[in-house]
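Working through the structure, step by step
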Amino acid sequence: STEIVEDVAAEEFDKKKVLIVQKALSMCYEELPQKMQIIAKLRFKKDKSLKSISAQVNRPMGAISSTLYRIRQKLLDCVSEKLVLVESEADFKKS
C-alpha cells in the first residue's frame, strides 16, 4: 500500500516536471528569431525533410542542417537556464 502511494507521488512529480520542461521549451521557442522559428516548426512540428525545408525557404540544405543544429543548441541552453530559474524559485518558496 505504501508502494502505491509512492508510485502515484512519483508519477505526479514526473508529470509536473514534464509540464515545466514543456513550458520552458515553449518560452524558448518564442525567443528564437522568426526565421529559426519557421525552420524549427517545419522540421519538428510538421516533420518535413531537410530537402523540403530547403526548397520552402529557398536556402541550401547545408545551411538548413547547420541552422537546425544551432536551433537545438539554443533551445537546449535556454531550457536549461529556465529550469534553473524555476527550480531556484521553487526552493525560494519553500524557505
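**Here's the deal with unusual backbone geometry**
Here Asp-47, not a glycine, exhibits a phi torsion of approximately 55 degrees, which is positive. The topology assignment puts Asp-47 in the loop between α2 (34-45) and α3 (50-57). Phi is positive for Asn-58, which is not a glycine, with a value near 55 degrees. Along the chain, Asn-58 falls in the loop between α3 and α4 (61-94). Judged by its relative accessible area of 70%, Asn-58 is exposed.

**Remarks on the nonpolar core**
In this structure, Leu-32, Ile-39 and Ile-71 are the most contacted members of the largest nonpolar core, which totals 15 residues. Counting residues per element, this core draws most heavily on α4, which supplies 6 residues. Setting aside chain neighbours within four positions, we find Leu-32 in contact with Gln-37, Ile-71, Lys-74 and Leu-75.

**Notes on the state of the cysteines**
The full count for this structure, using the stated rule, is 1 disulfide. Here Cys-28 engages in a disulfide with Cys-78; their sulfurs sit 2.1 Å apart. Taking the sign of the S-S torsion, about -85 degrees here, the bridge from Cys-28 to Cys-78 comes out left-handed. A residue pair is termed long-range when its members are at least 10 positions apart, and Cys-28 in helix α1 (residues 2-31) and Cys-78 in helix α4 qualify at 50 residues.

**What to know about α2**
Its 12 residues give α2 an end-to-end C-alpha distance of 15 Å, which sits within 8% of 16 Å, the value for a rise of 1.5 Å per residue. Burial in α2 covers these residues: Met-36, Gln-37, Ile-39, Ala-40 and Leu-42. Positive backbone phi, at 55 degrees, marks Asp-47, one or two positions downstream of α2.

About the thresholds
- Residues numbered from 1 in each chain as written.
- Predicted model: local features only at pLDDT ≥ 70, side-chain atom pairs only at ≥ 80, totals over all residues.
- Heavy atoms only, no water.
- Helix = DSSP H or I, 4+ residues; strand = E, 2+ residues; numbered from the N terminus.
- Buried < 20%, exposed > 50% of the residue type's maximum accessible area, 1.4 Å probe, protein only.
- Core = buried A, V, L, I, M, F, W, Y, C linked by side-chain atoms within 4.5 Å.
- Contact = heavy atoms within 4.5 Å.
- Disulfide = S-S within 2.5 Å.
- Expected span 1.5 Å × (residues − 1).

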